[in-house]
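# A closer look at the structure
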Amino acid sequence: MLNLFKPNTLNELMVKEFPPQRWLVEKLIPREGLTILSARPSAYKTWLMLESAIAIANGRPLFNHFETEQTGVLIIDEESNENVLQERFRCLSADDSLPIYYMSRTERLMDESYSREIISFCQSNDIGIVMFDSLVRLHHKNENDSGEMSIILNHF
């Protein structure tokens, strides 16, 4: 019989060498990882997302404080219409030549096919971060059921 239960020792963990953590936004958004921003409605989450996108696409510090690593940005916004996005980017003085791409109100749900399309676009366009607004509009699962949400989050 094959024994699959073989825990590692603390010593085995401590002697491993890992590369240093890389950040898109210093100590806030890791280069490889998933970050979820949650707050009550109308708490300026979208404004924060857009300001972060501009800073990352520019490679300039976010809020003149948090260092960023410059990369292209893809925003998939299921909350705002194009006119709202345009107005907000103008309010934030976004340079329209920045490598920021967006999709607005497509009403697509996250699944394996959509995930593959997003990854393919990112690989072809030097996109280092994808921002979604908002998670609830990308699925029809029960957000209070961890099993159902794990299915959705696996696509991310």
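A brief structural summary. (Residues numbered from 1 in each chain as written. Predicted model: local features only at pLDDT ≥ 70, side-chain atom pairs only at ≥ 80, totals over all residues. Heavy atoms only, no water.)

### Let's talk about the pattern of salt bridges
- Tallied over the entire structure, the rule returns six salt bridges.
- With a shortest N-O distance of 2.7 Å, arginine 22 and glutamate 69 are connected by a salt bridge. Within this pair, whereas arginine 22 is found in the loop between α1 (10–14) and β1 (23–25), its partner glutamate 69 is found in the loop between α2 (45–58) and β3 (72–77), the two being separated by 47 residues in sequence.
- A salt bridge links glutamate 112 to arginine 116, with the nearest nitrogen and oxygen atoms 2.7 Å apart. In this pair, glutamate 112 and arginine 116 are both assigned in helix α4 (residues 112–124), four residues apart and thus about one turn of the helix distant.
- Its relative accessible area of 53% is what places glutamate 112 among the exposed residues.
- Taken together, the salt bridges that share partners define one network made up of Arg22, Arg31 and Glu69. (Salt bridge = Lys/Arg side-chain N within 4 Å of Asp/Glu carboxyl O. Helix = DSSP H or I, 4+ residues; strand = E, 2+ residues; numbered from the N terminus. Buried < 20%, exposed > 50% of the residue type's maximum accessible area, 1.4 Å probe, protein only.)

### Describing the side chain of threonine 68
- With respect to the secondary-structure elements, threonine 68 resides in the loop between α2 and β3.
- At a separation of 2.8 Å, a polar atom in the side chain of threonine 68 contacts the main-chain carbonyl oxygen of arginine 60.
- Apart from residues no more than four positions distant in its own chain, threonine 68 is found in contact with Leu24, Val25, Ala55, Ile56, Gly59, Arg60, Pro61 and Leu62. (Polar contact = N/O pair within 3.5 Å; in protein donor to acceptor, adjacent residues only side chain to side chain. Contact = heavy atoms within 4.5 Å.)

### Considerations on the packing of aromatic side chains
- Enumeration according to the criterion identifies two aromatic pairs in this entry.
- Between tyrosine 101 and phenylalanine 121, the aromatic rings sit 5.2 Å apart at their centres with planes inclined by 80°, giving edge-to-face as the arrangement. With tyrosine 101 in strand β4 (residues 100–104) and phenylalanine 121 in helix α4, this residue pair connects regions lying 20 residues apart in the sequence.
- Ring centres 4.7 Å apart and planes at 85° place the aromatic pair phenylalanine 132 and phenylalanine 156 in the edge-to-face group. Of this pair, phenylalanine 132 sits in strand β5 (residues 127–133) while phenylalanine 156 sits in the segment after α5 (146–155), and the two are 24 residues apart along the sequence. (Phe/Tyr/Trp six-rings, centres within 6.5 Å; stacked < 30°, edge-to-face > 60°.)

### Side note on the sheet that holds β3
- As summarised here, the arrangement of the three strands in space is β4-β3-β5, forming an open sheet in which the pairing is parallel. With one partner strand each, in any of the chains shown, β4 and β5 form the two edges of the open sheet. Each strand of the sheet is rotated relative to its neighbour by a mean of 15°, with strand direction disregarded.
- Pairing analysis gives five bridges linking β3 to β4, with the strands arranged parallel. Counterpart to isoleucine 75 in the pairing with β4 is tyrosine 102.
- Here helix α3 (residues 82–91) sits on the sheet and contacts β3 and β4; the angle it forms with β4, its principal contact strand, is near 150°. (Pairing = 2+ DSSP bridges. Axes fitted to C-alpha atoms, helices over the stretch in contact; angles between N-to-C directions.)

### Quick notes on the nonpolar core
- Ranked by size, the top nonpolar core spans 18 residues in total, and within it Leu50, Ile56, Val73, Ile75, Ile129 and Met131 carry the most contacts.
- For this core, the secondary-structure elements that each account for two or more residues are β1, α2, β3, α3 and β5.
- Looking at which element gives the most residues to this core, the answer is α2, with seven residues.
- Discounting residues that sit within four places of it in the chain, methionine 131 has contacts with Met49, Ser52, Ala53, Ile56, Val73, Leu74, Ile75 and Ile76. (Core = buried A, V, L, I, M, F, W, Y, C linked by side-chain atoms within 4.5 Å.)

### Quick notes on the pairing of β3
- Of all six residues that make up β3, six are buried, and the element is covered over most of its length.
- Side chains Gly72, Leu74 and Ile76 of β3 all project onto a buried face; the interleaved residues Val73, Ile75 and Asp77 project onto the opposite face, where all are buried too.
- With six bridges joining them, β3 and β5 adopt parallel strand pairing. Across the sheet, valine 73 pairs through a bridge with isoleucine 129, a residue of β5.
- Crossover handedness for the path β3 to α3 to β4: right-handed. (Right-handed = clockwise from strand over helix to strand, strands pointing away.)

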